[in-house]
Amino acid sequence: MTVTVARVVRPDRREAFERWAENVLELASRFPGNLGASLLRPGPGSSEYHLVYRFEDDESLAAWERSSERRSALAHVEDMVDDARYARVDGLESFFTRPARPGPRWRLTVLTIAVVFAITSLFQLLVTPHLQGWPVEARLLLSATVVVLLLGHVAMPLLTRWLSRWLRPSRD
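Remember, predicted model here, so these are calculated numbers, not experimental data.

On a plain count of helices and strands, the protein comes out with seven helices and four strands. Reading the helices (α) and strands (β) of the protein from amino to carboxyl end gives β-α-β-β-α-α-β-α-α-α-α. Radius of gyration (C-alpha) of the protein: 20 Å, far over the 16 Å computed for a compact globule of 172 residues. Projecting the C-alpha coordinates of the protein onto the three principal axes gives extents of approximately 70 × 35 × 35 Å. Within the protein, the fraction of its 172 residues that count as buried is 33%.

Now the structure itself:
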């Protein structure tokens, strides 16, 4: 699960907001299931900051969102911002969102190819023989649907969690 919160910060409150944001991100990073949190600063001519939180599942994110620590922090930010927008993604959108500490892209590419190959091979071996009477377009549509659903909702969420140290090795 990935959550982004965009906040338009009042020009005279930017310094205070950045201190507040660093504290909130530190709080979030200590919650069970947190996979990373980061602050994206505005570009030239903008005052819109983005806080990005990544959690391994709905339950972990919900625990953070219901926490007294978060409620207390939110009470201190209201006078610093003019506008706030909240966005939440999961499934494939979350999978393709870059983590706060991205690892080498080639590793995610290798993992994705291996998983697509495995799912496609199993589909061809176990399912395709039973669909010989189907039009080729229908077989391809079913195959693509199965691959995308298993990739985005089953295989990659599990494997990226299990292989997180390999995907994002420590730079220490």
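Picking up where we left off.
What follows concerns the pattern of salt bridges. Scanning the model with the defined rule gives 10 salt bridges in all. The shortest N-O distance in the salt bridge between Arg13 and Asp79 comes to 3.0 Å. Highlighted residues: Arg13 in the loop between β1 (2-9) and α1 (14-29) and Asp79 in the loop between α3 (68-77) and β4 (81-89), separated in sequence by 66 residues. For Asp79, a relative accessible area of 42% gives the class partly exposed. Arg88 is paired through a salt bridge with Asp58; the nearest N and O atoms lie 2.5 Å apart. Of this pair, Arg88 sits in strand β4 while Asp58 sits in helix α2 (residues 58-66), and the two are 30 residues apart along the sequence. Linked by salt bridges that have partners in common, Glu18, Glu22 and Arg41 make up one network.

Judged by pairing direction, the sheet is antiparallel, and its four strands sit side by side in the order β2-β3-β1-β4 without closing on themselves. Each edge of the open sheet is held by one strand with a lone partner, namely β2 (34-40) and β4. Pairs of neighbouring strands in the sheet enclose a mean axial angle of 10°, with direction left out of account. Bridging between β1 and β4 involves eight bridges; their strand directions are antiparallel. When the sheet's bridge partners are listed, Thr2 is paired in β4 with Val89.

What counts, and at which threshold
Residues numbered from 1 in each chain as written. Predicted model: local features only at pLDDT ≥ 70, side-chain atom pairs only at ≥ 80, totals over all residues. Heavy atoms only, no water. Helix = DSSP H or I, 4+ residues; strand = E, 2+ residues; numbered from the N terminus. Rg over C-alpha atoms; globule rule 2.2 N^0.38 Å. Buried < 20%, exposed > 50% of the residue type's maximum accessible area, 1.4 Å probe, protein only. Salt bridge = Lys/Arg side-chain N within 4 Å of Asp/Glu carboxyl O. Pairing = 2+ DSSP bridges. Axes fitted to C-alpha atoms, helices over the stretch in contact; angles between N-to-C directions.

Note that all results are geometric; they support no functional claim without further evidence.
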